[in-house]
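Summary of structural features
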Amino acid sequence: MSERDGAASKLEIEEAADLILEADYAIALTGAGMSVESGIPPFRGPGGLWTKYGEPPMNGFQIFMADPKRAWEERLAKQNDELYRPLRVAEPNAGHLAMAELEAIGVLRFVITQNIDDLHRRAGQKQVAEIHGNWTLIRCLECVRRVPWGEVNLERLPPRCTRCGGLMKSDTVAFGEPIPADALKLCAEHSALADLVIVAGTSATVYPAAGFALQVKERGGRLIEVNLYESDITPLCDASLRGGAATVLPQLTRVIAAKRRAALS
Ligand code: APR
């Protein structure tokens, strides 16, 4: 924790930037804290949804599979729920844009996000796996084909895949649901190559997502944390930058871009 009101100091940002520039294959693992400054509440910690309403049932997927038609009827009935309003109105924040810039200048190779809010993609991030799905998509449970909500016929529930006839559900991964194999494969491939992980806005308590950062650390890689508070992974981090993602990530990106320009000139 730095001296000034806990916010990451200039020196801490510089040191983290140097570690990131030294890396051969830097990736990021992001969580709900990335989108708090876009108006989407986190799950845990201050203002967290689970903090307020308690954790949801851990068998959401089993409930869906027991009666998909009913589950779809309940989901559609909630479409205009207060719960979804933050997702509907959210815009990418400066933290998302900074991460997309780090990819554009060739520093950040891949983002594993636990967020379903689509904000990394909307910020321009190209190399990203949404390990817990994307709330704007509907996925076939058989062939894993993903389709935007507006392109799926919801007159007959549950919707069936027009390619293979499989059962379809929201791409958002429910508790108890296996992580889609294609997303998991991408995360495993890129974390196997990584020698540094920027761990931003996550409590690092949910697996397999948190495990990808731990694997890199166990192989001798480095962890750089960006978090408003301490997290479970803070003690393992080579640098832990205290502050909001929408403040710290732009600061970090500005320093990295300047150092890269200086090195290339
Ligand atoms: N900037 C950076 N970090 C922040 C900010 C912010 N403005 N605000 C909060 N945080 C941090 C919190 O300190 C916390 O460590 O973001 C983290 C949010 O943690 P969680 O709410 O647990 O979110 P996440 O880690 O993404 O949860 C993982 O759990 O419930 C499941 O599927 C859900 O994907 C989610 C998974």
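A quick note: this is a predicted structure, and the numbers were derived from the prediction, not measured.

On domain assignment, one finds that the protein chain holds domain 1 (1–40 + 92–134 + 178–265) and domain 2 (41–89 + 137–170). Its C-alpha centre places domain 1 at a distance of 27 Å from the equivalent point of domain 2. At the junction of the two partners, domain 1 supplies 14 residues and domain 2 supplies twelve residues. Between domain 1 and domain 2 lies a buried interface of about 1100 Å² when both sides are counted; carbon and sulfur atoms form 63% of it.

Now for the site of the ligand. Around the ligand, a shell composed of 22 residues is seen, among which Phe43, Arg44, Thr202, Ser203 and Asn227 lie nearest. Between the ligand and Gln114 there is a distance of 3.2 Å, counted from an oxygen atom to a backbone nitrogen or oxygen. Contacts to the ligand include Asn227, whose side-chain N or O atom sits 2.7 Å from an oxygen atom. Contact with the protein chains covers 93% of the free accessible surface of the ligand, which is 730 Å². The residue inventory of the shell around the ligand, partitioned by class, reads ten nonpolar, ten polar and two charged. Counting residues domain by domain, the shell around the ligand receives three or more from each of domain 1 (1–40 + 92–134 + 178–265) and domain 2 (41–89 + 137–170).

Cut-offs and rules
- Residues numbered from 1 in each chain as written.
- Predicted model: local features only at pLDDT ≥ 70, side-chain atom pairs only at ≥ 80, totals over all residues.
- Heavy atoms only, no water.
- Domains from an automatic or database assignment.
- Contact = heavy atoms within 4.5 Å.
- Buried area = accessible area lost by both parts, 1.4 Å probe.
- Near = heavy atom within 4 Å.
- Polar contact = N/O pair within 3.5 Å; in protein donor to acceptor, adjacent residues only side chain to side chain.
- Areas by Shrake-Rupley, 256 points an atom, 1.4 Å probe, with all protein chains shown as cover.
- Nonpolar A, V, L, I, M, F, W, Y, C, P; charged D, E, K, R; others polar.

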